[in-house]
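Structural overview
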Amino acid sequence: MPRAPAAGSSVSFLSLLPREPVIFHGRDERKEAAAAPGAGRNPGGPADPADPAPPAMAPPAAPRARLSRSVTFSACHRLHSKSLSEEENRKVFGKCNNPNGHGHNYKVIVTVCGEIDPVSGMVMNLTDLKEYMQEAIMEPLDHKNLDKDVPYFAEVVSTTENVAVFIWENLKKLLPVGTLYKVKVYETDQNVVVYKGEETISEK
């Protein structure tokens, strides 16, 4: 116990308090305070170098868009399968199996997709897309007999479905990887084929 002060002396009240830690119900509050998270830190001061850095914020994703361009080409063909007899071909293809063939003004819409470049503001330069389509579509197909002038159709029936596949494969070789989204071919205003590169997976 602390000694009582001499009569007439000036003593602070705090000096009379016990120096031992205050323990309630077996708890040492000084030790608990020292062990508490953040103990000894200055809330208003600089961050402790030992503290883990906050997680970095991911940059916002660039917006994506689809860009389309169309071309028109003229070509003739005959729908005829070497796997069918003459009679079967006439039955399947009707007047489109005419030995002298027939023609169309095909319209092709090519769609590419990708991130919008923050500098140019474009998914792809339209001048580049025009050149790709010129090489992949116009040069091999325009004003051609598809069955006789295009080697691809020597063994493949020149339906609009197969024309769309042919165009897709040509463009895929030229365009940046992953940008080709869709090929849409109008044989007429009523007959339209859309191809997105789908392939049949054969069962093993």
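Because the structure is a prediction, the values reported are computed rather than measured. (Residues numbered from 1 in each chain as written. Predicted model: local features only at pLDDT ≥ 70, side-chain atom pairs only at ≥ 80, totals over all residues. Heavy atoms only, no water.)

Side chains three or four residues apart in an α-helix point the same way, a direct result of the helix having 3.6 residues per turn. Over its 16 residues, helix α3 (residues 126-141) extends 21 Å from the first C-alpha to the last, a length consistent with the 22 Å expected when each residue adds 1.5 Å. A bend of about 40 degrees at Q134 is the largest found in α3. Burial in α3 covers these residues: L129, M133, A136, I137, M138, P140 and L141. For α3, the secondary structure elements touched by its buried residues are β3 (64-77), β4 (102-115), β5 (144-145), α4 (146-149) and α5 (160-174). The opening residue of α3 is N125, an N-cap whose side-chain oxygen sits 2.9 Å from the backbone nitrogen of T127. Remark: H143 follows α3 within two positions and exhibits a positive phi of approximately 55 degrees. (Helix = DSSP H or I, 4+ residues; strand = E, 2+ residues; numbered from the N terminus. Expected span 1.5 Å × (residues − 1). Bend = angle between axes of the 7 residues up to and from the residue. Buried < 20%, exposed > 50% of the residue type's maximum accessible area, 1.4 Å probe, protein only. Contact = heavy atoms within 4.5 Å. Polar contact = N/O pair within 3.5 Å; in protein donor to acceptor, adjacent residues only side chain to side chain.)

What follows concerns the packing of aromatic side chains. By the definition in use, this model includes five aromatic pairs. Ring geometry for F73 versus Y106: centroids 4.8 Å apart, planes at 15 degrees, classification stacked. Placement of F73 in strand β3 and of Y106 in strand β4 is noted, with a sequence separation of 33 residues between them. According to the relative accessible area criterion, Y106 is buried, its value standing at 0%. Relative to F166, the ring of Y152 lies with its centre 5.1 Å away and its plane at 50 degrees, an arrangement referred to as tilted. With Y152 in the loop between α4 and α5 and F166 in helix α5, this residue pair connects regions lying 14 residues apart in the sequence. Taken together, the ring pairs connect Y152, F153 and F166 into an aromatic cluster. Directly above the aromatic system of Y186 lies the positively charged group of K107, at a separation of 5.7 Å from the ring centroid. (Phe/Tyr/Trp six-rings, centres within 6.5 Å; stacked < 30°, edge-to-face > 60°. Lys NZ or Arg CZ within 6 Å of the ring centre and 35° of its normal.)

With mixed pairing, five strands are arranged side by side in an open sheet as β5-β3-β4-β6-β7. Each edge of the sheet is formed by a strand with only one pairing partner; in this case those strands are β5 and β7 (192-195). By the bridge criterion, six bridges tie β4 to strand β6 (residues 180-186) in an arrangement that is antiparallel. Bridge assignment links V112 to a residue of β6, and that residue is L180. (Pairing = 2+ DSSP bridges.)

Attention now goes to the environment of G114. Of note, G114 is situated in strand β4. Exposure remark for G114: the relative accessible area of 11% places this residue in the buried category. Each C-alpha atom of the pair G114 and L180 lies 9.0 Å from the other, and the pair is 66 residues apart in sequence. Contacts of G114, omitting those with residues within four sequence positions, involve P63, R64, A65 and V123.

A word on the side chain of T160. Within the secondary structure, T160 sits in helix α5. Polar contacts involving the side chain of T160 include one to the side chain of E187, which spans 2.8 Å. Among all residues touching T160, those that are not within four sequence positions of it are Y106, V185, E187 and V193.

Before going further, it helps to examine the pairing of β4. As defined by bridge partners, β3 adjoins β4 across 14 bridges and the pair is classed as antiparallel. By the bridge assignment for β4, R64 is matched with E115.

What follows is about the pairing of β6. Working note: regular strand, side chains alternate between the two faces of the sheet. For β6 and β7, the ladder comprises four bridges, and the chain directions are antiparallel. Bridging across to β7, V185 finds its partner in V193. Following β6, the chain reverses through five residues before pairing antiparallel with β7.

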